Amino acid sequence: MKTAISEWTPCRMKFYKAVKGFGFAYRDNSHQDIFIHASMLQKVGFTGNLKPETQIDVRYIETPKGLNAIDIRIPPQ
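Here we summarise the structure given alongside this text.

The rules we used
- Residues numbered from 1 in each chain as written.
- Predicted model: local features only at pLDDT ≥ 70, side-chain atom pairs only at ≥ 80, totals over all residues.
- Heavy atoms only, no water.
- Pairing = 2+ DSSP bridges.
- Helix = DSSP H or I, 4+ residues; strand = E, 2+ residues; numbered from the N terminus.
- Axes fitted to C-alpha atoms, helices over the stretch in contact; angles between N-to-C directions.
- Salt bridge = Lys/Arg side-chain N within 4 Å of Asp/Glu carboxyl O.
- Buried < 20%, exposed > 50% of the residue type's maximum accessible area, 1.4 Å probe, protein only.

1. Description of the sheet that holds strand β5 (residues 66-73)
By way of backbone hydrogen bonds, the strands of a sheet pair with one another, either parallel or antiparallel. Strand order around the closed barrel formed by five strands is β1-β2-β3-β5-β4, with mixed pairing between neighbours. Taking the axes of each pair of neighbouring strands and ignoring which way they run, one obtains an average angle of 50 degrees across the sheet. Where strand β2 (residues 22-27) lies against strand β3 (residues 33-37), five bridges are found, and the strand directions are antiparallel. Among the inter-strand pairings, Phe-24 is bridged to a residue of β3, identified as Phe-35.

So, in structure tokens, the structure goes:
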């Protein structure tokens, strides 16, 4: 069974803990969290910390544990 990948979706960071290497974002039209792993940020060269409400764009997949980001774009702030 193939997992569907979402289109690029505008989201906002809920929180991100650089020390732990993960965080969560949410879509403006939904309160369902999207898991953000540090490896996704490293893939785009981001090494800082994402503050709550930071705007990002995410492509994600649905897993048994919930939504997981597979691609991230961080627009200029």
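Once you've had a look at it, read on.
2. A closer look at the pattern of salt bridges
Enumeration according to the criterion identifies four salt bridges in this entry. The closest approach of N and O atoms between Lys-14 and Asp-33, which form a salt bridge, is 3.1 Å. Of this pair, Lys-14 sits in strand β1 (residues 9-17) while Asp-33 sits in strand β3; the two residues are 19 residues apart in sequence, bridging distant segments of the chain. For Lys-14, a relative accessible area of 41% puts it in the partly exposed group. Overall, the relative accessible area of 26% leaves Asp-33 in the partly exposed class. Where Asp-71 meets Lys-43, a salt bridge forms, and the shortest distance between an N and an O atom there is 2.8 Å. Note that Asp-71 is positioned in strand β5 and Lys-43 in helix α1 (residues 38-43), a separation of 28 residues in sequence. By relative accessible area, which is 52% here, Lys-43 ends up exposed.

3. Regarding the environment of Lys-20
The residue Lys-20 is located in the loop between β1 and β2 in this model. We classify Lys-20 as exposed; its relative accessible area is 63%. Distance in space between the C-alpha atoms of Lys-20 and His-37 is 9.4 Å, their sequence separation being 17 residues.

4. Quick notes on the pairing of β5
Relative to β5, β3 is paired through two bridges, and the arrangement is parallel. Pairing of Ile-34 across the sheet is with Leu-67, part of β5. Here strand β4 (residues 55-63) pairs with β5 via seven bridges, running antiparallel. Paired with Ile-61 across the strands is Asn-68, a residue of β5. Hairpin connection, β4 to β5: the antiparallel pair is bridged by two residues.

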